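# Examination of the molecular architecture
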Amino acid sequence: DMKVTQMPRYLIKRMGENVLLECGQDMSHETMYWYRQDPGLGLQLIYISYDVDSNSEGDIPKGYRVSRKKREHFSLILDSAKTNQTSVYFCASSLSWGKGQNTLYFGAGTRLSVL
Amino acid sequence: GDSVTQTEGPVTVSESESLIINCTYSATSIAYPNLFWYVRYPGEGLQLLLKVITAGQKGSSRGFEATYNKETTSFHLQKASVQESDSAVYYCALGGPGGYKVVFGSGTRLLVSP
């Protein structure tokens, strides 16, 4: 079954706490992504991962870091969360980078509230 | 930079009526952009609805159609007769053919009333 799974689906944290968002995919896709979406804005790219331990900043990486130790798993970490990081976070994957396989497969999203 | 602008929602349509969601794009760093429509149903992630990689071509899926118009830099989504099950958020997007990062519009929420 082709699936991208995000955990948790909903999360409430206090400002200054650390946050871990997890994403898994069962399609052996090389490339994975983290996006966030705020009201009235398109999805904004935070990080891209081309494969294990091969990560690249997207458009809005400040305040975030990522980890990819296994091809099927990609984590987004917020060290000392801020209230302006309240958002909906989407993980996505695609077959590979640079080979015309640019269809993205998305998880259902994680709604994060930082109080 | 590269950007996508689409109809601001929500868009409310009665069942069996026609629909158009406008999308225009600017691709300054991508020579031959691919254009996409993604859809997000309640409680689910975005999924590809249709994709067109060549200017002048039309894509279609589930009764939806969109034509890649390079002259007007548009990729409007149309459906002749919507159903209640089409209620969702629709995202227009552009990307490079080589897997370049994909740029999304802000999404248009469609509400279809019975």
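The structure reproduced in this document is the subject of the present report. Since the structure is predicted, the reported quantities are computational estimates derived from the model, not experimental observations.

Across the contact, 21 residues belong to chain B and 22 residues belong to chain A. Between chain B and chain A, the buried area comes to about 1600 Å², and carbon and sulfur atoms account for 52% of it. Where chain B packs against chain A, one counts zero salt bridges. Here chain B and chain A share four residue pairs in polar contact (both at pLDDT 80 or more) between them. Elements with a minimum of two residues in the side of chain B that touches chain A: strand E5 (34–40) and strand E6 (47–52) of chain B. A total of four residues in the side of chain B that touches chain A trace back to one element, the largest contributor, which is E5(B). Among the residues making up the side of chain B that touches chain A, the classes are represented as nine nonpolar, eight polar and four charged.

Tallied over the entire structure, the rule returns 12 aromatic pairs over all chains. Measuring from centroid to centroid gives 6.3 Å for Phe90(A) and Phe106(A), while their planes differ by 85°, and the two rings are edge-to-face. Taken together, the positions of Phe90(A) in strand E9 (residues 87–94) and Phe106(A) in strand E10 (residues 105–106) put the pair 16 residues apart, joining distant regions of the chain. The exposure class assigned to Phe106(A) is buried, which follows from its relative accessible area of 8%. Each residue in the set Tyr33(A), Tyr35(A), Phe90(A), Phe106(A), Phe36(B), Tyr38(B) and Phe104(B) is aromatic and connected to the rest through ring pairs, giving one cluster.

Let's shift gears to the pattern of salt bridges. Residue and element names in this part refer to chain A. This structure, assessed with the given rule, holds six salt bridges over all chains. Its salt-bridge partner being Arg 36, residue Asp 38 comes within 3.0 Å of it at the nearest N-O pair. Both residues of the pair, Asp 38 and Arg 36, belong to the buried class.

Next up on the list: the pairing of strand E5 (residues 44–51) of chain A. Residues and elements named next belong to chain A. By the bridge criterion, five bridges tie strand E4 (residues 31–37) to E5 in an arrangement that is antiparallel. Looking at E5, one finds that Tyr 35 is bridged to Leu 45. Hairpin connection, E4 to E5: the antiparallel pair is bridged by six residues, and Gly 40 has positive phi, about 80°. As consecutive antiparallel partners, E5 and strand E6 (residues 54–57) are separated by two residues, and within that stretch Asp 53 has a phi angle of approximately 55°, a positive value.

We now examine the environment of Leu112(A). Residue and element names in this part refer to chain A. Its place among the elements puts Leu 112 in strand E11 (residues 110–114). Given the relative accessible area of 0%, Leu 112 is considered buried. Spatially, the C-alpha atom of Leu 112 lies 6.0 Å from that of Tyr 10, the residues being 102 residues apart in sequence. Apart from the residues lying within four places of it in its own chain, the contact partners of Leu 112 are Leu 11, Lys 13, Val 19, Leu 78, Gln 85, Thr 86, Ser 87 and Tyr 89.

Let us look at the nonpolar core. Among the nonpolar cores identified, the biggest contains 28 residues, and Leu19(B), Trp37(B), Leu49(B), Leu50(B), Phe75(B), Leu77(B) and Tyr90(B) are the most heavily contacted of them. Put simply, the parts of the chain that give this core at least two residues each are strand E2 (11–14), strand E3 (19–21), strand E4 (23–26), E5, E6, strand E8 (64–67), strand E10 (88–95) and strand E12 (108–113) of chain B. For this core, the element with the highest residue contribution is E10(B), accounting for four residues. When sequence neighbours within four positions are dropped, the list of residues in contact with Leu49(B) reads Trp37(B), Tyr38(B), Val39(B), Ser61(B), Arg62(B), Phe64(B), Leu77(B) and Tyr90(B). Membership of the second largest hydrophobic core comes to 20 residues, among which are Val19(A), Leu21(A), Leu112(A) and Val114(A).

Criteria and thresholds
Residues numbered from 1 in each chain as written. Chains lettered and ligands numbered in written order. Predicted model: local features only at pLDDT ≥ 70, side-chain atom pairs only at ≥ 80, totals over all residues. Heavy atoms only, no water. Contact = heavy atoms within 4.5 Å. Buried area = accessible area lost by both parts, 1.4 Å probe. Salt bridge = Lys/Arg side-chain N within 4 Å of Asp/Glu carboxyl O. Polar contact = N/O pair within 3.5 Å; in protein donor to acceptor, adjacent residues only side chain to side chain. Helix = DSSP H or I, 4+ residues; strand = E, 2+ residues; numbered from the N terminus. Nonpolar A, V, L, I, M, F, W, Y, C, P; charged D, E, K, R; others polar. Phe/Tyr/Trp six-rings, centres within 6.5 Å; stacked < 30°, edge-to-face > 60°. Buried < 20%, exposed > 50% of the residue type's maximum accessible area, 1.4 Å probe, protein only. Pairing = 2+ DSSP bridges. Core = buried A, V, L, I, M, F, W, Y, C linked by side-chain atoms within 4.5 Å.

By themselves, these are just geometric observations and shouldn't be taken as functional.
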